[in-house]
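Structural overview
Here are the chains, one letter per residue:
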Amino acid sequence: MTDVASERAAKRPVPRAGVLEIAPYIPGRSKATGGDKLHKLSSNETPLGPSPRAIEALRSLDHLEHYPDGAATDLRAAIARVNGLNADRIICGTGSDEILELVARAYIGPGDEAIYSEYGFLVYKIAILGAGGTPVVAPEKDMTADVDAILARVTERTKVVFLANPNNPTGTYLPFSEIRRLHAGLPGHTLLVLDAAYAEYVRRNDYEAGVELAATADNVLMTRTFSKIYGLAALRLGWAYGPDHVIDALNRIRGPFNVNSAAMAAGIAAIEDRAFTDRAAEHNEKWLPWVTREIEALGLKVTPSVGNFILIHFPEGVGQTAADADLYLSGRGCVLRQVAAYGLPNALRMSIGAEEANRDVIAALKEFMGA
């Protein structure tokens, strides 16, 4: 840096410690380099799109000159009605990402620690650092969160434990018995955040999203999203359920109109259209195992997933790496997600798409592995 540049830098505002350590979140790509048709399978979006009722709700929206209901009253009532919850203990946000950020702002500060698992959602680290806290990473076992590893890293400074269940990008999950064991091992001052963004896709008898714990414990918050199975990613809408005192704290620091009217209207219509949601889950239940089997038949390893995506592991040989595969697939219109930022440089995450998309990816992978 020159003397002039150094002098200018000394006179400008400087972010507080930790902010410049944050690696910005990079979303999945939306464009391919070739192919006759684009198959965007990089962001875990539902191939069925949103409920027609949600689209109609958007078309019927008027009075755009008015501020939205800052309390999201009708949306919280709809969420409570569908899930059998207490509406007073629900908070809504601009995606569940905002709620995760609110948790960090409310409970984490300089000198505090927060834990997340080795391959946990990247937003956790961003939120922790953004609040001035110290991220603590717990190693995983077989690409699955390890309760013992998390508990071994809990100290008196641990204010929050973030746990995605199912986890993104691995697709693995912890049975509810392990979630209970984790909660039992945490001190009362540590908030357990159960991020259940993919809960609606799970078809396992030993899984629970966290509603029961969030309803009965003083230190558990469950977060959910409308971006995945409900197909409202463009509107950014999420919610959380937890103890009165946690919801109160988050409400005190959220923006007064943090959820817009369009998102609320579409969200109400989407969550009440159970038949449409069931079809989305059934589509995933059919194609998730099919795609997994087809890819494994090519000699590639797939991490077992209960979400609407899979993690594909590639060899390290020249011309066979995940980067090579990504370039090859993109040239054929198939866009998957690179996950090097998660510490998985030789893997790609693939969302389960429509039938045509799934079949085209398999065909392209067969060509790639043959080449």
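Everything that follows concerns the structure shown earlier in this document.
So, a few notes on the structure that sits alongside this text. Numbers given for residues are sequential positions, taken from 1 along each chain in its written order. Predicted model: local features are reported for residues with pLDDT of at least 70 only, side-chain atom pairs are reported and counted for 80 or more only, and whole-chain, interface and lining totals are derived from all residues. The side-chain quantities take in all heavy atoms of the structure and omit both hydrogens and water.

So, about the nonpolar core. What we call a nonpolar core is a set of buried Ala, Val, Leu, Ile, Met, Phe, Trp, Tyr and Cys residues that are connected through their side-chain atoms within 4.5 Å. Burial classes follow relative accessibility: with a 1.4 Å probe on protein chains only, a residue under 20% of its type's maximum area counts as buried, one over 50% as exposed, and anything between as partly exposed. In this structure, Leu75, Ile79, Ile90, Cys92, Leu163, Phe226 and Trp239 are the most contacted members of the largest nonpolar core, which totals 60 residues. Broken down by element, this core gets its largest block of residues, 7 residues, from helix α10 (residues 261–272). When checking whether two residues touch, look at their non-hydrogen atoms; a contact exists if any pair is within 4.5 Å. If near-sequence neighbours (up to four positions away) are discounted, isoleucine 90 is found in contact with Arg76, Ile79, Ala80, Leu85, Trp239, Ala240, Tyr241 and Ile247. Membership of the second largest hydrophobic core comes to 32 residues, among which are Ala104, Met143, Val160 and Leu191. Where helices and strands are cited, they refer to DSSP runs of H or I of at least four residues and of E of at least two residues respectively, numbered from the N terminus.

With that settled, the discussion passes to the layout of surface pockets. Whether a set of points on the 1 Å grid over the protein atoms alone is a cavity depends on a 1.4 Å probe fitting there but being unable to get out, while an open set qualifies as a pocket with protein on both sides within 12 Å along at least five of seven lines; lining residues are those with an atom within 4 Å of a point. Grid points are joined across faces, edges and corners, and a volume is the space filled by probe spheres set on the points. Of the volumes computed, that of the largest pocket is approximately 520 Å³. Considering the residues around the largest pocket, the lining is formed by 28 residues, among which Tyr25, Asp97, Phe121, Lys228 and Arg236 are closest to the centre. Ranked by residues supplied to the lining of the largest pocket, first place goes to helix α4 (residues 95–107) with 3 residues. Looking at the lining of the largest pocket residue by residue, the classes come out as 10 nonpolar, 9 polar and 9 charged. Estimated volume of the second largest pocket: approximately 440 Å³. Forming the boundary of the second largest pocket are 23 residues, of which Pro24, Leu122, Ala340, Ala341 and Tyr342 lie nearest the centre. Where the lining of the second largest pocket is concerned, the elements lending two or more residues are α5 (122–130) and β12 (337–338). Counting residues per element, the lining of the second largest pocket draws most heavily on α5, which supplies 4 residues. The nonpolar class holds Ala, Val, Leu, Ile, Met, Phe, Trp, Tyr, Cys and Pro. Asp, Glu, Lys and Arg form the charged class, and all remaining residues, Gly among them, are polar. Residue composition of the lining of the second largest pocket, by class: 15 nonpolar, 3 polar and 5 charged.

Scanning the entire structure with this criterion turns up 2 cavities of 30 Å³ or more. The computed volume of the largest cavity comes to approximately 50 Å³. A breakdown of the residues in the lining of the largest cavity according to their chemical character gives 6 nonpolar, 6 polar and 1 charged. The volume enclosed by the second largest cavity comes to roughly 40 Å³. Within the lining of the second largest cavity, the residues separate by chemical class into 5 nonpolar, 4 polar and no charged.

The subject of this paragraph is the environment of methionine 143. Residue placement: methionine 143 occurs in the loop between β4 (134–138) and α6 (147–152). Overall, the relative accessible area of 13% leaves methionine 143 in the buried class. Taking the C-alpha atoms as reference points, methionine 143 and leucine 194, 51 residues apart in sequence, are found 18 Å from one another.

Sheet strands associate in pairs through backbone hydrogen bonding, adopting either a parallel or an antiparallel arrangement. Criterion used throughout: strands pair if DSSP finds at least two bridges between them. If you trace the 4 strands from one edge of the open sheet to the other, you get β9-β10-β13-β12, paired in antiparallel fashion. The strands lining the two open edges of the sheet, one partner per strand, are β9 (301–303) and β12. As paired elements, strand β10 (residues 309–313) and strand β13 (residues 347–351) share 5 bridges and run antiparallel to each other. For isoleucine 310, the partnering residue across the bridge sits in β13 and is methionine 350.

Should a side-chain nitrogen of Lys or Arg be within 4 Å of a carboxyl oxygen of Asp or Glu, the pair is scored as a salt bridge. Here the structure, examined in full by the defined rule, presents 17 salt bridges. Two residues, glutamate 285 and arginine 203, come together in a salt bridge whose shortest N-O distance is 4.0 Å. In this pair, glutamate 285 is assigned in helix α11 (residues 274–296) and arginine 203 in the loop between β6 (191–195) and α8 (211–216), connecting sequence segments 82 residues apart. Residue glutamate 285 is classed as partly exposed on the basis of its relative accessible area, which comes to 45%. Since its relative accessible area comes to 40%, arginine 203 is described here as partly exposed. The shortest N-O distance in the salt bridge between glutamate 355 and arginine 359 comes to 2.9 Å.

Fair warning: the whole summary comes from geometry, so function is off the table for now.
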